[in-house]
Amino acid sequence: MARQKTSEFDQTVEMDQVQVITPDEVIEQTTITVDIDDNLADKMDEEQLESLSSELIDQYESDKRSRSDYEATMKKGIDLLGLKLEDTHRPFQGACSAHHPLMVEAAVQFQSQAIKELYPANGPVRTKVVGSVTPEKSKQAHRVKNFMNYQITEVMEEFFDDLDQMLFYLPIVGSCFKKIYYDESLKRPIARFIPVEDFIISYDTPDLRSSGRYTHVIRLTENELRKRIVSGFYKEMDMMGNASPETGDIEDKIQEVQGVTRDASSKDKIYTLLEMHVDLDLEGFEDENNVALPYIVTICKDTSEVLSIRANYYEDDEEKKRIQHFVHYKFIPGFGFYGLGYVHLLGNLQKSATTILRSLIDAGQFSNLPAGFKARGMRVEGGDTPIGFGEFRDVEGYGDDIKKSVIPLPFKEPSQVLTQLLGAMTDEGRRLAAITDMQVGDGNTQAPVGTTIALLEQGTKVMSSIHKRLHNTQKEELKILSRINADYLPDYYPYDVEGISRFVFKKDFDGRVDVFPVSDPNIFSTAQRVILAQTQLQMAQSAPQIHDLREAYKRMYEALNIENIDDLIMPEMGEKPLDPATENYSMLQGRPVKAYGWQEHEAHIAVHTAFVSDPSNLPQSSNPALGQQMANQLMQLVTSHIAEHKAHLYRQMIEMESQQELPTPPDYNKENPAKDDKYESLDPDTENKVSIAQANVANTIAQRNQALIQAQQNQQAMQDPRVQLMQQDLQLRQQEAQQEAQDDMMRNDLKN
C-alpha cells in the first residue's frame, strides 16, 4: 500500500495569472507518492529528523541504563571463567590464580554437543507438506529442502561460524540473538549472530514479538558506511573527523579477556549505528486508524543523524504486522526477557569452588616450601631465595643453635575436608549443568524397555528441555529464511551440487511447505539416539511378525551416522521385474525376487520347475552337508517364488471367470508381511457383490482343476509299468475266460 504525503504549495502568483483551483485539484497536484521500500528520511525535513533522532537516542539510552545490573552480572561472570592468564598478589605475592573449570567445561561440552544436532553434515533443514499430500506438493517439499540445505551449507558462508560461536556464548550468558535478513550488496540472505551486548530492548518487554522497540547496535568502518550511502541504502551524512566505536561493559570485559584493545593512535574510523525497530506515528505518514506503524530507523550515534527510515511491514498487509528479522535463543527461561546461563546458575558455586581450589594449592605450596621468621642478626648465604632439593647453605658467623633464630610458621597439609567439599561442590555443579557423562556401556541390554527409557530420561531431562528450546528457535529462524526466499528469489533458480544439477522455483515458498530443523526436539545426543534405536530393534526382533525389521535396522544405522546405508542393506523384494532365467540366476545368488501380476505366470512356473528339476543346477560343495543345506535354501526360494506366481495366476482366473476387474493386487513383502503397499480396497457394496460372484466361479475352477488333476494322475498311472502288467494280465484272463466259454459252447453242441 503506497503511502502519500501532502506538501505545502507555493501561494505566490502573478496577478494576471490568477486561476481558481478547487481543494481537490490542489491535493492532486501536490501529492507525493511514497513507495513502501523508499527511505522516508529523504522525504522528511531536517527539523523532523533531528527531533526524531533526539527522541529515539534518549529512549535507547534509557533502555541501556535499565539493564545496567544485568551487564554488571555478565561482567563478573566472564571474570569467573578464568580465560585470562594472570598473576595475583592477593592475599600474598605468588598466590594461586587458577580458576575452577566448572563453567568452561559445561559451556564447551554443551557447544560441542549442540552443534552436531543443529548443524548436521547434510544441512539443518527438512520439510513437510501442509494440508493434503499430493505428488506435486511432495516434489515441491523436496525442492525446498534440497535448496535450503544447499543455501545454508554452501551459499551462506557465515551460517556455521556464527552458529558455532553463538552456541559457546549462549550457555554462559543465557541469551543470544540471530538476525536473518537480505543483504543488497551480497545479493543473498545473511544469518548473523548478535551478542546480547549489541541488542538493547525496552525494559518492560516480555518477548520480541510484542516489543514496541528494540535496537541493534551496528559498527561499520568508514568505507563500509560510504558503500551503503553510495548504494542509496542510507542518506548522505557528514563524515565527522573523529569516530570511535561505542562499547559497553560486557564488550570491554570480553576484549580484556581476549587481550585485545583499541590502539589510541589508530586512524581507523569506526561508526556506531543504532538500527531501531520501533513503532512510530510519523507526521505526514499517519495511518488512517491513528496507530503507530512498525519502522526500521537507523541513526548514526556519532553524529545523531538519521540515515534511513523504512516501513517494516508488507504493503498488502491490512493489519500492518511487523516483519521479524531477529530470533531470541534462550538457554533457560528467566524471570523476564533475558534467559539464564551458567553465570547465573553456577556463578556463586564457581566462585566458591575457585576459592577452595586456590586454598588447597596454596596450602600445598606452603607445606612443601614453608615460610616463617628469622632473627634479624642471622645472615644466610643466598638471602631469602628458597632452598632447592639437596642444597645446604652456609650460615655466616653464628655459633648458637639455629633453631632459636628461625621459626617456621605451622602450615598444615592441604585439608581433606576441603578436598571432599570441593569434590561435592563440583559434582553438584556438573549435575546442575547437566554435563555428567552418560555411561551407556553400564546399562543392562536385557533390561526392560521401560527401565531403559526411564533411566535415559532421568539423566538427560535438563539438557533435553534446553534442546527443545533451541529446536523451536531454529525453526523460527528457518521460517524467516524461507520468507526471505519467497521475497527475493528469482522465479526460476538453477544451481549445481556434486554430481547433479538442481533447481527451485520462487513459488515453491508459497506456504504449502513447512520448514523445520532436522534435529529431533526429544533427542539431543548420538548416545541417546543409539539407545532408542537399539531398543526399537530389540522390540522388532522379539515380534518380527508385526514389525518392519528392515526399517528397524535402517534406523539403527542412521543413529550410528553410517553413510550409504542402501549399499549395506539388501534391496527390497521386487525392485525390478525380471525374466524367469534372470530370476533363477538371482535366486542362485541368494537374492530376493518377486512376482508381478502382469507377468506370464504359467511360463515362469514352467521355467522355474524345470530349473530345480535339473540336478546340475543345484549348488555343489565338497562338504556334502553344506551342499545339501545350500540346495535346500535354493529349493525354498524357488518354491516360495512359484507360489507367488500361482497366487497371481489364480487371481487372474477368478477375474476371467467372473468377468470382473479387480484392483491392483497388494505388493506384499515376505520380509514385512504387515505392509500392503496402500492396496486400494473396494467399497463394501462392491466387495459383497464381487465376493458372491467369486464364490460361484471358485467352485467351478476347483472342480475343473480337480478333474484336470485326476486325469493327470490317471495318465501317470497308465504310464506305470506295474499298472501295464496288471492290465495285460487282466486282458489275458479275460481272453482265457472267453475261450473257456467258447469251449463249453462247443462241447454242448457236440453232445446234442
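Residues numbered from 1 in each chain as written. Predicted model: local features only at pLDDT ≥ 70, side-chain atom pairs only at ≥ 80, totals over all residues. Heavy atoms only, no water.

1. Focus on the overall build of the protein chain
Here is step 1: Each helix and strand counted, the protein chain has 19 helices and 18 strands in total.
Here is step 2: Of all 752 residues assigned to the protein chain, the portion counted as buried reaches 36%.
Here is step 3: Contacts in the protein chain between residues at least 24 apart in sequence constitute 70% of all its contacts with a sequence separation of at least 6.
Here is step 4: Carbon and sulfur atoms make up 51% of the accessible area of the protein chain, which totals about 46000 Å². (Helix = DSSP H or I, 4+ residues; strand = E, 2+ residues; numbered from the N terminus. Buried < 20%, exposed > 50% of the residue type's maximum accessible area, 1.4 Å probe, protein only. Contact = heavy atoms within 4.5 Å. Areas by Shrake-Rupley, 256 points an atom, 1.4 Å probe, with all protein chains shown as cover.)

2. Some points on the sheet that holds strand β8 (residues 270-280)
Here is step 1: On the basis of which strands lie adjacent, the open sheet formed by five strands has the order β6-β7-β8-β9-β10 and antiparallel pairing. In this open sheet, the two strands that pair with only one neighbour each are β6 (199-201) and β10 (305-311). Mean inter-strand twist for the sheet, computed between neighbouring axes without regard to direction, equals 20°.
Here is step 2: Note: β6 against strand β7 (residues 213-221), three bridges, orientation antiparallel. In the sheet register, Phe199 faces β7, and the bridge partner there is His216.
Here is step 3: Those strands touched by helix α7 (residues 222-230) are β7, β8 and β10, and its axis lies near 110° from that of β7. (Pairing = 2+ DSSP bridges. Axes fitted to C-alpha atoms, helices over the stretch in contact; angles between N-to-C directions.)

3. Overview of helix α9 (residues 342-368)
Here is step 1: Where α9 bends most, the angle comes to about 35°, and this point is Asn348.
Here is step 2: All of the buried residues in α9 are Tyr342, Val343, Leu346, Gly347, Gln350, Ala353, Thr354, Ile356, Leu357, Leu360, Asp362 and Gly364.
Here is step 3: In this structure, the buried residues of α9 make contact with α3 (68-80), α4 (102-118), α6 (158-173) and α10 (416-433). (Bend = angle between axes of the 7 residues up to and from the residue.)

4. Topic: α10
In an α-helix, one turn spans 3.6 residues; hence positions three or four apart end up facing the same way.
Here is step 1: Spanning 18 residues, α10 covers 26 Å between terminal C-alpha atoms, matching the ideal 26 Å at 1.5 Å per step.
Here is step 2: Capping of α10 at its N-terminal end is provided by Ser415; its side-chain oxygen lies 3.2 Å from the backbone amide nitrogen of Val417. (Expected span 1.5 Å × (residues − 1). Polar contact = N/O pair within 3.5 Å; in protein donor to acceptor, adjacent residues only side chain to side chain.)

5. Here's the deal with the environment of Pro195
Here is step 1: Tracing the sequence through the fold places Pro195 in the loop between β5 (188-194) and β6.
Here is step 2: It is 9.3 Å that separates the C-alpha atoms of Pro195 and Glu251, two residues lying 56 residues apart in sequence.

6. Points about the environment of Thr127
Here is step 1: Inspection of the secondary structure puts Thr127 in strand β3 (residues 125-129).
Here is step 2: Relative accessible area serves as the criterion here: at 18%, Thr127 is assigned to the buried category.
Here is step 3: Along the sequence, Thr127 and Val518 sit 391 residues apart, while their C-alpha atoms lie 8.7 Å from each other.
Here is step 4: If we skip the residues at most four places from it in the chain, Thr127 touches Ala141, Val144, Lys145, Val513, Asp514, Val515 and Phe516.
Here is step 5: A distance of 3.0 Å separates a polar side-chain atom of Thr127 from the backbone oxygen of Ala141.

7. Considering a nonpolar patch on the surface
Here is step 1: Side chains of Leu83, Val108 and Phe168 sit close together on the surface and give an oily, nonpolar patch of about 230 Å² of accessible area.
Here is step 2: One can find Leu83 in the loop between α3 and α4.
Here is step 3: Since its relative accessible area comes to 44%, Leu83 is described here as partly exposed. (Patch = residues over 30% accessible without salt bridge, like charges linked within 9 Å, V, L, I, M, F, W, Y side chains within 5 Å. Salt bridge = Lys/Arg side-chain N within 4 Å of Asp/Glu carboxyl O.)

8. Remarks on the sheet that holds strand β11 (residues 326-330)
Adjacent strands of a sheet pair through backbone hydrogen bonds, lying either parallel or antiparallel.
Here is step 1: Read across the sheet, three strands follow the order β5-β4-β11 without closing on themselves; strand pairing throughout is antiparallel. Each edge of the sheet is formed by a strand with only one pairing partner; in this case those strands are β5 and β11. Looking at each pair of strands side by side, their axes are set apart by 20° on average, direction ignored.
Here is step 2: Sheet topology places strand β4 (residues 175-183) next to β5; seven bridges connect them, and they run antiparallel. The residue bridging Asp183 from the neighbouring strand is Arg188, located in β5.

9. With respect to the side chain of Thr473
Here is step 1: Examined against the element boundaries, Thr473 turns out to sit in helix α11 (residues 449-488).
Here is step 2: Ignoring sequence-local partners within four residues, the contact set of Thr473 consists of Val327, His328 and Tyr329.

10. Looking at the packing of α9 against α10
Axis angle and axis distance: for two packed helices, these are the angle between their axes and the distance between the axes, and together they describe the pair.
Here is step 1: Between α9 and α10, whose axes approach to 10 Å, the crossing angle comes to 160°. In terms of orientation, α9 lies roughly antiparallel with respect to α10. Our pair here, α9 against α10, has a crossing hand that is left-handed. Contacts between α9 and α10 involve Tyr342, Leu345, Leu346, Leu349, Ser352, Ala353, Ile356, Leu357, Ser359 and Leu360 from the first element and Leu418, Thr419, Leu421, Leu422, Met425, Glu428, Gly429, Leu432 and Ala433 from the second.
Here is step 2: A breakdown of the residues in the contact of α9 with α10 according to their chemical character gives 14 nonpolar, four polar and one charged. (Parallel < 35°, antiparallel > 145°, perpendicular 65-115°, else oblique. Left-handed = near helix turned anticlockwise from the far one by under 90°. Nonpolar A, V, L, I, M, F, W, Y, C, P; charged D, E, K, R; others polar.)

11. Quick word on the packing of α4 against α9
Here is step 1: Contact geometry of α4 with α9 gives a least axis separation of 9 Å together with a crossing angle of 150°. Taken together, the axis directions place α4 and α9 in an arrangement best described as roughly antiparallel. For the pair α4 and α9, contact is made by Leu102, Met103, Ala106 and Ala107 and by Tyr342, Val343, Leu346, Gly347, Leu349 and Gln350, respectively.
Here is step 2: In terms of residue class, the contact of α4 with α9 is made up of eight nonpolar, two polar and no charged.

12. A closer look at the pairing of β11
Here is step 1: Most of β11 sits inside the fold, with four of its five residues counted as buried.
Here is step 2: Direction of pairing for β4 relative to β11: antiparallel, over a ladder of five bridges. Looking at the pairing, Cys176 lines up with Tyr329 of β11.

13. A word on the confidence of the model for the protein chain
Here is step 1: Per-residue confidence for the protein chain averages 80 on the pLDDT scale, and 79% of its residues sit at or above 70.
Here is step 2: A low-confidence stretch, residues 1-32 (pLDDT under 50), is modelled with 33 contacts involving residues beyond four sequence positions or located in other chains.
Here is step 3: Low confidence marks residues 437-443, where pLDDT is under 50. Its contacts with residues over four positions away, or in another chain, come to ten contacts. (pLDDT = per-residue confidence, 0-100.)

14. A short note on unusual backbone geometry
Here is step 1: Within the chain, Lys187 stands out as a residue other than glycine whose phi angle is a positive 60°.
Here is step 2: Position of Lys187 among the secondary structure elements: in the loop between β4 and β5.
Here is step 3: A residue is classified by how much of its surface remains accessible, and Lys187, at 55% relative accessible area, is exposed.
Here is step 4: One non-glycine residue, Asn290, adopts positive backbone phi at about 60°.
Here is step 5: In this structure, Asn290 sits in the loop between β8 and β9 (293-300).
Here is step 6: Judged by relative accessible area, Asn290 falls into the exposed class, the value being 64%.

15. Section: the pattern of salt bridges
Here is step 1: Taken as a whole and assessed by the stated rule, the structure comprises 23 salt bridges.
Here is step 2: Of the charged contacts in the structure, one is a salt bridge between Arg512 and Asp510, with a shortest N-O distance of 3.3 Å.
Here is step 3: On the basis of relative accessible area, Arg512 is assigned to the partly exposed category, the value being 28%.
Here is step 4: For Asp510, a relative accessible area of 44% translates into the label partly exposed.
Here is step 5: A cluster of three or more residues bridged by salt bridges with shared partners is formed by Glu136, Asp510 and Arg512.

16. A closer look at the side chain of Asp317
Here is step 1: Residue placement: Asp317 occurs in the loop between β10 and β11.
Here is step 2: Within the buried set, Asp317 has no salt-bridge partner at all; the shortest N-O distance to an opposite charge, 6.3 Å, is to Lys321.
Here is step 3: A polar contact of 2.8 Å, which involves the side chain of Asp317, links it to the backbone nitrogen of Lys321. (Lys, Arg positive; Asp, Glu negative; His and termini not counted.)

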